[in-house]
Amino acid sequence: MAEVQSAALSPATVLAEMKKNSVSHIVWLPDSETNWLYLLMQAEPSLTLVGVTREGHACSIASGLAAGGARPMILIQNTGLQESGDSLRGWLLGMNVGCVMMVGYRGWTRHGVTTDTAATYTEPFINAYGLDYYLVESDADASRISVAFEEAEKTKRPVVVLVGDEYHGFNR
Amino acid sequence: MMRIAEALAAFKPHRGDAIVVPGRGGKFWAELTGNPNLDVPLGDPAMGGHAGFALGLALAQPNRKVVLFDSEGDILMSLGMLTTIAEQAPVNFYHFLLDNEVYATTGGQPVPNAKHVKYDRLALAAGYPRAQAFDKLDDLDRALPEILGRPGPVFVALKVYPEVENAPIGQRRRWNTRSRTQVVADLQQKLGIQSA
């Protein structure tokens, strides 16, 4: 059976979701998926980009932004998510921060076979923290991003959007 | 060196309506503050994050000063945060460092290379436009009006005495009577922020 992905998740679609959900700040560290999105975000006047040097920093910054009345979104890769464990625990879960973490799913494949341990441990990690998550592959899935925002706001917990688009979308 | 409470007491007259994130100085600031609903005493949600939290607050509230009392153990865990702060360069951000050279909450073990790290120089090298270091209270006292009277970001490293706690955590006096959730709720109410 063919495993062809019919359409990719376009950066323009992701940006539209950010704007639709009134995101004010993107706290982020580049991953291999997000270069075209970066160019779009940079040109979007309603967004402030806050670059971090280690993904755990994104959790404390987002926590402060939320406490101050802003609406942050975190944009990192699954490797960085796994690095962020204690900050996720203390600064997002511990502070009841309902924000969306958009996470590039490095190593993800549609058939589930991967040689990349970044992918192997991603969902077990998310489950260990009891986080809800949604997988987004293509533009057809983009409405799940808004679902994640609604859920984060309602539960006051971080909600993960996994971008399973490696090698197909943003950097094509 | 100076005592943490002395440094905080020197700062207090200059506070105005600034938001204060007292970090590991929280238990001392709790005895001094005259405006607790503009304080954000969080204890230690996760080590290394106070600077990020205060940066986020400063970015979200650009018209109000945010004063952070960080620790060297936290900063060493997140040195890259200095570059993020320097790049964002919030003019309302005042970054004080309480450097006691030890991990005081775990019994006073020295931080790596404790006697030789120049935190003000690290901040300057990361891109902060201003940074100073003080080990005498009188010098700090004299400099505070200018430090706080000019735009940030600024980094101010203070050498303080280690005030070590050796009692088991469960047996220590609870100085913060509010939960973290309540602290943020009180701040948001004071600032007129509608909680999401």
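A few points on the structure. (Residues numbered from 1 in each chain as written. Chains lettered and ligands numbered in written order. Predicted model: local features only at pLDDT ≥ 70, side-chain atom pairs only at ≥ 80, totals over all residues. Heavy atoms only, no water.)

### Notes on the overall build of chain A
Going by this rule: Runs of E in the DSSP output that reach at least two residues are strands. Runs of H or I that reach at least four are helices, and both are numbered from the N terminus. Burial classification: accessible surface area is computed with a 1.4 Å probe over protein chains only, and a residue below 20% of its type maximum counts as buried, one above 50% as exposed, and the rest as partly exposed.
Broken down by element type, chain A carries 8 helices and 6 strands. Of the regular secondary structure in chain A, the N- to C-terminal order runs α-β-α-β-α-β-α-α-β-α-α-β-α-β. Among the 172 residues that make up chain A, the fraction classed as buried is 58%.

### A look at the environment of Asp138 of chain B
Inspection of the secondary structure assignment puts Asp138 of chain B in helix H7 (residues 137–149). Distance in space between the C-alpha atoms of Asp138 of chain B and Lys12 of chain B is 15 Å, their sequence separation being 126 residues.

### Some details on H7 of chain B
Residue and element names in this part refer to chain B. Basically, it comes down to this: Residue count minus one, scaled by 1.5 Å, sets the expected span of a helix. What is called the bend at a residue is the angle between a pair of axes, fitted to the seven residues leading up to and ending at it and to the seven starting from it.
Here H7 spans 18 Å end to end across 13 residues, near enough to the 18 Å set by a 1.5 Å rise per residue. Largest kink in H7: about 45°, centred on Ala143, with the proline Pro145 one to four residues after it. Taken together, the buried positions of H7 are Leu140, Ala143, Leu144, Ile147 and Leu148.

### Digging into the sheet that holds strand E2 (residues 48–51) of chain A
Residues and elements named next belong to chain A. To be explicit about the condition: We call two strands paired when DSSP finds no fewer than two bridges between them. Simply put, an axis is a line fit to the C-alpha atoms, just over the touching stretch for a helix, and the angle between two N-to-C directions goes from 0 to 180 degrees.
Spatially, the 6 strands line up as an open sheet ordered E2-E1-E3-E4-E6-E5, and their pairing is parallel. The sheet terminates laterally at E2 and strand E5 (133–136), the two strands that pair on one side only. The average undirected angle you get between the axes of adjacent strands in this sheet is 20°. In this structure, strand E1 (residues 25–28) lies alongside E2, joined through 4 bridges in parallel fashion. In the strand pairing of E2, Ile26 is matched with Leu49.

### With respect to the interface of chain B and chain A
Accessible area lost during the coming together of the parts is what is often quoted as the interface size. Filter applied, for reference: Note on contacts: a residue pair is in contact if any heavy atoms of the two residues lie within 4.5 Å. Take a side-chain nitrogen of Lys or Arg and a carboxyl oxygen of Asp or Glu: if they are within 4 Å of each other, that pair is a salt bridge. Think of it as three bins: nonpolar holds Ala, Val, Leu, Ile, Met, Phe, Trp, Tyr, Cys and Pro, charged holds Asp, Glu, Lys and Arg, and polar takes everything else, Gly as well.
Tallying the contact residues gives 29 residues for chain B and 27 residues for chain A. Inspection of the chain B/chain A interface yields 0 salt bridges. Looking at which element gives the most residues to the side of chain B that touches chain A, the answer is helix H3 (residues 50–60) of chain B, with 8 residues. Class assignment for the residues of the side of chain B that touches chain A results in 14 nonpolar, 13 polar and 2 charged.

### So, the pattern of salt bridges
This structure, assessed with the given rule, holds 18 salt bridges over all chains. The residue Glu44 of chain A makes a salt bridge to Lys19 of chain A at a minimum N-O spacing of 3.3 Å. Taken together, the residues span a long stretch of sequence, with Glu44 of chain A in the loop between helix H2 (35–43) and E2 and Lys19 of chain A in helix H1 (residues 11–20) at a distance of 25 residues. Using a relative accessible area of 11% as the deciding quantity, one classes Glu44 of chain A as buried. Three or more residues joined by partner-sharing salt bridges are found here, namely Asp99, Glu101, Lys115 and Lys159 of chain B.

### Section: the side chain of Glu44 of chain A
Note the cut-off: The term polar contact refers here to a pair of N or O atoms within 3.5 Å; inside protein, the definition further demands a hydrogen-donor-capable atom paired with an acceptor-capable atom, and it admits residues adjacent in sequence only when both atoms are side-chain atoms.
Looking at Glu44 of chain A, its side chain comes within polar contact range of the side chain of Lys19 of chain A, at 3.3 Å. When sequence neighbours within four positions are dropped, the list of residues in contact with Glu44 of chain A reads Leu15 and Lys19 of chain A.

### Observations concerning the packing of aromatic side chains
All names here are of chain B. The criterion, for reference: Stacked, tilted and edge-to-face are the three classes applied to pairs of Phe, Tyr and Trp rings, where Trp contributes its six-membered ring and a pair requires centres within 6.5 Å; stacked means planes under 30 degrees apart, edge-to-face means over 60, and tilted covers the rest.
Within this structure, the stated rule accounts for 9 aromatic pairs over all chains. When the ring of Phe11 is compared with that of Phe69, the centres are 5.3 Å apart and the planes differ by 70°; the resulting orientation is edge-to-face. In this pair, Phe11 sits in helix H1 (residues 4–11) while Phe69 sits in strand E2 (residues 66–71), placing the two residues 58 residues apart along the sequence. Owing to a relative accessible area of 1%, Phe69 belongs among the buried residues under this scheme. Judged by centre distance (5.7 Å) and plane angle (85°), the ring pair of Tyr128 and Phe155 falls under edge-to-face. Here Tyr128 is found in the loop between helix H6 (119–126) and strand E6 (130–134), whereas its partner Phe155 is found in strand E7 (residues 154–159), with 27 residues between them in sequence.

### Looking at the nonpolar core
Inclusion rule: Throughout this description, the term nonpolar core refers to a set of buried Ala, Val, Leu, Ile, Met, Phe, Trp, Tyr and Cys residues connected via side-chain atoms within 4.5 Å.
Formed by 68 residues in total, the largest nonpolar core has its most connected members in Ile74, Leu92 and Met101 of chain A together with Val40, Phe53, Leu57 and Phe155 of chain B. When residues of this core are assigned to their parent elements, the largest contribution, 8 residues, is made by H3 of chain B.

### Focus: the packing of helix H3 (residues 55–67) of chain A against helix H5 (residues 85–93) of chain A
Residues and elements named next belong to chain A. As a reminder, the rule being used: What sets the label is the angle itself: under 35 degrees gives roughly parallel, over 145 gives roughly antiparallel, 65 to 115 gives roughly perpendicular, and the rest give oblique.
Remark: H3 packs on H5, axes separated minimally by 8 Å, with the N-to-C direction vectors making an angle of 5°. Classified by the interaxial angle, the pair formed by H3 and H5 is roughly parallel. Facing Gly56, Cys59, Ser60, Ala62 and Ser63 of H3, the residues of H5 in contact are Ser87, Leu88, Trp91 and Leu92. Its residues assigned to classes, the contact of H3 with H5 shows 5 nonpolar, 4 polar and no charged.

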